[in-house]
Amino acid sequence: MLDAPLLPRGRQVDFTTLAPERWAPDFATPFNQRMIGGKVLVTNDFGDWLLLTPDEFCSFVEGRPQPGEPLYEKLRGASFIAKAVDIAAQAQRWRRKKQYLFHGPTLHGFVLTHRCNLVCQYCHSSVVGMERTDTDMSREVAERAVDLAFQSTARGLTIEFQGGEPTANWDVLRHVVEYATHKNRGIGKVLSFALVTNLTLMDDERLAFLLDHKVQICTSLDGPADLHNKIRVFKGGNSHEMLVYWMRKINERYREMGLDTNHYRVEALPTITRPSLSRWKEIVDEFVAVGCRAIFLRKLDPFGFAARSAKTLGYSMDEYLEFYANTVDYIIELNRQGVQVMERHAAIMLNKILIDEEPNFLDLRTPGGACIGQLGYAPDGGVYSSDEGRFVAAMGDDMFRIGSVDDDYRQLMTSAATRALVMAGLNDAQPDCVSCVYKPWCGQQVEYNYKTQGSIHGHMRDSNWCKKHKSVFDYLMHKLASADESDMEMFRRWTTNRTLDHFIVQ
Ligand code: SF4
């Protein structure tokens, strides 16, 4: 536990220093506030924000700025002056950012098997041994899952192969790619495939199939060889060596295919465990060395084996946040030296803060992604609210099973369970979130709330979910408050989003 957290923390404004009789409630649009260093951060529901000096903030809440004055124009430009808000323009803006509400789920996670040849100490999926072929998804169930996914009203569909190790059920993976591609010829969705794999069962023939069918490949890399192999235990060899071999080979194949290697690379994610905490620098260096441009500092979540191994691999939220700040500080330092690498979580938040984009990251949107952003398909045909929903199921609790592949899509989407999960995933339904300065950019994960606090609604004041996001937003806001022009250019570069068109099948 830290005595003095490295992360600069924000705090609420002390309103007792402001005279209530002088407040002008009609002057401002509804806003929330938080002290960031010596400045007052104000945000509104449109997603605008300003860092004001304490004097400017007093003048603002007292309604003193006059048209033509710099402060008035600054407030007006950020939609903080009620009578100057262009409602029609804001409605358009709202619609653009909330476009994910106008269609059904885009992400469809196919759990092709619960088997895995690795025994990762933190596995969130509660995998079983390779002999348990009874946990494989059959071709018939897979086809019905594809049929259900295609009923989504979303124009874009991503079928993501998960496990266990999904390549252990290779014939069904292959069949899903061919079946969905064929089916789409008469439908015309913007279809893509993604594979989450440990790469230990890869061979040249399989790679050729994946590249030919434009399947995006994502993997897990926990850091240098000793750290990776210690956590991601593989009795059949050196999992780190095999991983790096295949990552380099795939990146080389992308290059040979003429793809821009600035954007087309194998995506790798680390899972942060206790042994990772002191090794932030080596982890970043390892990612850069194997050709990654992005690192997602994924925290250990209370699902699957991670719940069992929390005593040896777990850590407090303060310890994670110290690790996060050390790592991102180092990433920023590398960027200043010309190395292009970013932290994915920060990049998602900066997209919202700096360029007013909604990247539709399902854990950080409101309502959350359960059911209406993603669906998870288990080998037995069960349909779950999300990845995390089926992680909870693998722990013996079917709370998030909303139906099966034989159900009607409309019934699934309008069921009482789906509606309850969507309602619980709204920031506007959370007592603490409604008065939080980060509400316009934050989000909920109902499965995490349920697993950690026993209720899909959670209780943000005592929630590690909230603490993590509030602290990372605080960290970024302090960085933005002190950034010079070259740092701002770096942060804006992190927000550059390019559609990876190559992976669109049709
Ligand atoms: S979860 Fe926490 S940080 Fe996020 S909006 Fe709610 S109160 Fe704020």
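Given the structure is predicted, the values throughout are model-derived calculations rather than measurements.

**Description of the overall build of the chain**
Helix and strand counts for the chain stand at 19 helices and 17 strands. Its C-alpha atoms put the chain at 75 × 50 × 45 Å along the principal axes. Residue burial in the chain is summarised as follows: out of 506 residues, 42% are buried. A separation of at least 24 residues holds for 70% of the contacts in the chain among residues at least 6 apart in sequence.

**Examining the environment of W465**
Relative to the assigned elements, W465 resides in helix 18 (residues 464-482). For W465, a count of 21 C-beta atoms within 10 Å corresponds to the buried category. Taking the C-alpha atoms as reference, W465 lies 32 Å from L191; in sequence the two are 274 residues apart. If sequence neighbours within four positions are ignored, W465 has contacts with Q445, Y448, N449 and G458.

**Side note on the pairing of strand 8 (residues 215-220)**
Two strands pair when backbone bridges link them, and strand 7 (residues 190-196) and strand 8 are joined in this way by four bridges, in the parallel orientation. Each residue of the ladder has a partner; that of V196, found in strand 8, is C218. In the sheet, strand 8 pairs with strand 10 (residues 267-269) via three bridges, with the strands oriented parallel. Directly across from S220, in strand 10, lies its bridge partner L269.

**What to know about the packing of helix 12 (residues 317-336) against helix 18**
Interaxial distance between helix 12 and helix 18 falls to 11 Å at its minimum, and their mutual angle equals 25°. Judged by the angle between their axes, helix 12 and helix 18 are roughly parallel. Between helix 12 and helix 18 lies a crossing of right-handed hand. Here M317, L321, Y324 and A325 of helix 12 lie close against helix 18, whose contacting residues are N464, K467, K468, S471, V472 and Y475. Of the residues in the contact of helix 12 with helix 18, the class split is six nonpolar, two polar and two charged.

**What about the site of the ligand?**
Taken together, N427, Q430, D432, C433, C436, Y438, K439, C442, M460, C466, H469 and K470 form the complete shell of residues around the ligand. When the residues that make up the shell around the ligand are grouped by side-chain class, the tally is six nonpolar, three polar and three charged.

**Topic: the domain arrangement of the chain**
In terms of domains, the chain is made up of domain 1 (15-97) and domain 2 (106-315). Domain 1 and domain 2 are separated by 45 Å when their C-alpha centres are compared.

**Re the confidence of the model for the chain**
Predicted coordinates in areas of low pLDDT are best not read in detail. Confidence in the prediction for the chain averages 93 pLDDT; 96% of positions are at 70 or higher. Contacts from residues 1-5, a stretch scored under 50 in pLDDT, to residues over four places away or in other chains number seven contacts.

**Side note on the environment of S239**
Counting through the fold element by element, S239 comes out in helix 8 (residues 239-256). Taking the C-beta count within 10 Å as the criterion, S239 has 25 such neighbours and is therefore assigned buried. A C-alpha to C-alpha distance of 44 Å links S239 and G47, two positions 192 residues apart in sequence. Setting aside residues no more than four positions away along its own chain, S239 makes contact with L118, N198, T200, H228, N229, R232 and F234.

**A few points about helix 12**
Taking 1.5 Å per residue as the helical rise, helix 12 with its 20 residues ought to reach 28 Å, and the 28 Å between its terminal C-alpha atoms agrees with that figure. Listing the buried residues of helix 12 in full gives Y320, L321, F323, Y324, A325, T327, V328 and I331. G338, located one to two residues past helix 12, shows a positive phi value of around 100°.

**Quick look at the nonpolar core**
F110, A145, V176 and M349 are the most contacted members of the largest nonpolar core, which has 117 residues in total. A per-element tally of this core places helix 12 first, with seven residues. Taken domain by domain, the makeup of this core includes at least three residues from each of domain 1 (15-97) and domain 2 (106-315). Here M349 is in contact with W441, V472, F473 and L476, once residues within four sequence places are set aside.

**Structural notes on the environment of F361**
As for its placement among the helices and strands, F361 is situated in the loop between helix 13 (344-355) and strand 15 (374-377). Overall, the presence of 17 C-beta atoms within 10 Å leaves F361 in the partly exposed class. Each C-alpha atom, one on F361 and one on G443, is 9.3 Å from the other, the two residues being 82 residues apart in sequence.

**What to know about the packing of helix 13 against helix 19 (residues 485-494)**
For the pair helix 13 and helix 19, the least separation of the axes is 8 Å and the interaxial angle reads 105°. Between helix 13 and helix 19, the interaxial angle falls into the category roughly perpendicular. Within the contact between the two elements, helix 13 uses A346, A347, L350 and L354 and helix 19 uses F491, R492 and W494. In terms of residue class, the contact of helix 13 with helix 19 is made up of six nonpolar, no polar and one charged.

Conventions adopted
- Residues numbered from 1 in each chain as written.
- Predicted model: local features only at pLDDT ≥ 70, side-chain atom pairs only at ≥ 80, totals over all residues.
- Helix = DSSP H or I, 4+ residues; strand = E, 2+ residues; numbered from the N terminus.
- Buried ≥ 20, exposed ≤ 12 C-beta atoms within 10 Å, placed from the backbone.
- Contact = placed C-beta atoms within 7 Å.
- Pairing = 2+ DSSP bridges.
- Axes fitted to C-alpha atoms, helices over the stretch in contact; angles between N-to-C directions.
- Parallel < 35°, antiparallel > 145°, perpendicular 65-115°, else oblique.
- Left-handed = near helix turned anticlockwise from the far one by under 90°.
- Nonpolar A, V, L, I, M, F, W, Y, C, P; charged D, E, K, R; others polar.
- Near = placed C-beta within 6 Å.
- Domains from an automatic or database assignment.
- pLDDT = per-residue confidence, 0-100.
- Expected span 1.5 Å × (residues − 1).
- Core = buried A, V, L, I, M, F, W, Y, C linked by C-beta atoms within 7 Å.

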